[in-house]
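Descriptive structure summary
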Amino acid sequence: LAKTTQPISMDSYEGQEVNITCSHNNIATNDYITWYQQFPSQGPRFIIQGYKTKVTNEVASLFIPADRKSSTLSLPRVSLSDTAVYYCLVGAGNTGKLIFGQGTTLQVKP
Amino acid sequence: DTAVSQTPKYLVTQMGNDKSIKCEQNLGHDTMYWYKQDSKKFLKIMFSYNNKELIINETVPNRFSPKSPDKAHLNLHINSLELGDSAVYFCASSQGPSGDYEQYFGPGTRLTVT
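These remarks concern the structure in this document.

All names here are of chain B. In total, this model carries four salt bridges over all chains according to the counting rule given. A salt bridge links Arg-63 to Glu-82; its shortest N-O distance comes to 3.5 Å. In this pair, Arg-63 sits in the loop between β6 (53-57) and β7 (64-70) while Glu-82 sits in the loop between β8 (73-78) and β9 (87-94), placing the two residues 19 residues apart along the sequence.

Further remarks concern the layout of surface pockets. Taken as a whole, the largest pocket spans an internal volume of roughly 380 Å³. Around the largest pocket, the lining is made up of 25 residues, and of these Pro-40 and Ser-41 of chain A together with Gln-37, Lys-41 and Arg-110 of chain B lie nearest the centre. Of all the secondary structure elements, the ones that give two or more residues to the lining of the largest pocket are β8 (84-91) and β10 (104-109) of chain A together with β9 and β11 (109-113) of chain B. Here the residues of the lining of the largest pocket are counted per class, giving eleven nonpolar, ten polar and four charged. Approximately 260 Å³ is the volume found for the second largest pocket. Contributing to the lining of the second largest pocket are 13 residues, with Ile-47, Val-59, Ala-60, Leu-75 and Asp-82 of chain A lying nearest its centre. With three residues, strand β4 (residues 45-50) of chain A is the single largest residue contributor to the lining of the second largest pocket. Of the residues that constitute the lining of the second largest pocket, the class distribution is eight nonpolar, two polar and three charged.

All right, on to the interface of chain B and chain A then. Interfaces are often sized by the amount of accessible area the parts lose when they come together. With 21 residues of chain B at the contact, the number on the chain A side is 21 residues. In this assembly, chain B packs against chain A so that about 1700 Å² is buried in total across both faces, 57% of it on carbon and sulfur atoms. Of all residues in chain B, Leu-43, Gly-99 and Phe-105 of chain B bury the most surface against chain A, accounting for 28% of the area lost on that side. Connecting chain B to chain A are zero salt bridges. Where chain B meets chain A, there are five residue pairs in polar contact (both at pLDDT 80 or more). Looking at which element gives the most residues to the side of chain B that touches chain A, the answer is strand β4 (residues 31-37) of chain B, with three residues. Partitioned by chemical class, the residues of the side of chain B that touches chain A number eleven nonpolar, five polar and five charged.

The next point concerns the state of the cysteines. Defined simply, a disulfide is a covalent bond joining two cysteines at their sulfur atoms. Residue and element names in this part refer to chain A. Summed over all chains, the structure comprises two disulfides over all chains. Between the sulfur of Cys-22 and that of Cys-88 lies a disulfide, 1.9 Å long from S to S. One end of the pair, Cys-22, is in strand β2 (residues 18-23); the other, Cys-88, is in strand β8, with 66 residues separating them in the sequence. Neither Cys-22 nor Cys-88 differs from the other in exposure class; each is buried.

The next thing to look at is unusual backbone geometry. Residue and element names in this part refer to chain B. The amide bond that connects Thr-7 to the next residue, Pro-8, takes the cis arrangement and shows omega of -5°. Structurally, the position occupied by Pro-8 is in the loop between β1 (4-7) and β2 (10-13). A positive phi angle, close to 70°, is found at Lys-52, a residue other than glycine. Looking at the element boundaries, Lys-52 is found in the loop between β5 (43-50) and β6. Of note, the phi angle at Ser-80 is positive, near 45°, even though the residue is not glycine. For Ser-80, the position within the fold is in the loop between β8 and β9.

Rules of the game
- Positions within a chain are numbered from 1, following the residues in the order the chain's sequence is written.
- The lettering of chains begins at A and the numbering of ligands begins at 1, in the order of writing.
- Per-residue local features of the predicted model are confined to residues with pLDDT of at least 70, and side-chain atom pairs are confined, for both listing and counting, to 80 or more; whole-chain, interface and lining totals are unaffected and use all residues.
- The side-chain numbers reported here are obtained from all heavy atoms of the structure, hydrogens and water having been left aside.
- Salt bridge criterion: a side-chain nitrogen from Lys or Arg within 4 Å of a carboxyl oxygen from Asp or Glu.
- Runs of H or I in DSSP of at least four residues are treated as helices and runs of E of at least two as strands, each being numbered from the N terminus.
- Grid spacing is 1 Å over the protein atoms alone, the probe is 1.4 Å, and a cavity is where that probe fits but cannot get out, while a pocket is an open set with protein on both sides within 12 Å along at least five of seven lines and lining residues have an atom within 4 Å of a point.
- Grid points are joined across faces, edges and corners, and a volume is the space filled by probe spheres set on the points.
- Each residue is assigned to one class: nonpolar for Ala, Val, Leu, Ile, Met, Phe, Trp, Tyr, Cys and Pro, charged for Asp, Glu, Lys and Arg, and polar for all the others, Gly among them.
- Throughout, a residue-residue contact means that at least one pair of heavy atoms, one from each residue, lies within 4.5 Å.
- Put simply, buried area is how much 1.4 Å-probe accessible surface two parts lose in total, over both of them, once they are put together.
- Two N or O atoms form a polar contact when they lie within 3.5 Å of each other; inside protein one atom must be a possible hydrogen donor and the other a possible acceptor, and for residues adjacent in sequence the pair counts only when both atoms belong to side chains.
- Any two cysteine sulfur atoms within 2.5 Å of one another count as a disulfide.
- A simple rule labels every residue: compare its accessible area, found with a 1.4 Å probe on the protein chains alone, to the largest value its type can have, and call it buried under 20%, exposed over 50%, or partly exposed in between.

Rendered as structure tokens:
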């Protein structure tokens, strides 16, 4: 069972790049890695997903090394509105294994 | 035109009562989920249904019973509520059950048991 571990909190300043790493040592072959963002009093919102190597979209990049035992969410040039909790999710869904990390609270300061 | 909606948004009740939370999605998705988020913001999956069939049933007390009358709805009924059931419950949906599908979450239902 892929247990996921993330830092509890991180601080950054506006305009900086932020990297949040999730460890998932027991990731299974069928597992995908997905990152979600959650603002207070809202449901989580999809950011990015990957299986291996690097994935980039308009808001973030996801780096996954060859052994897939960790993944790093990269947020370029953060702004105050990026202050939120970020979760990594590892799992295959149809096998009953969907494991969220404990979440990383990102505080962006001016 | 809310994608995933839940009712009620807040629910305050006493120990021992029975309550239900309703969830509806208008995305045409086949898979729906219930998650529990505790006071430490930890998100844990409870149930997942695909095409109205239960596919994930995590270690959850049998006081919790999901019901899916059709693909667009997944309701959660809770019997004999306990203090420890206080949490935010999120419904979500996705196109399919495998981990490569994006999940769309509802706004959550904050349940407080007194």
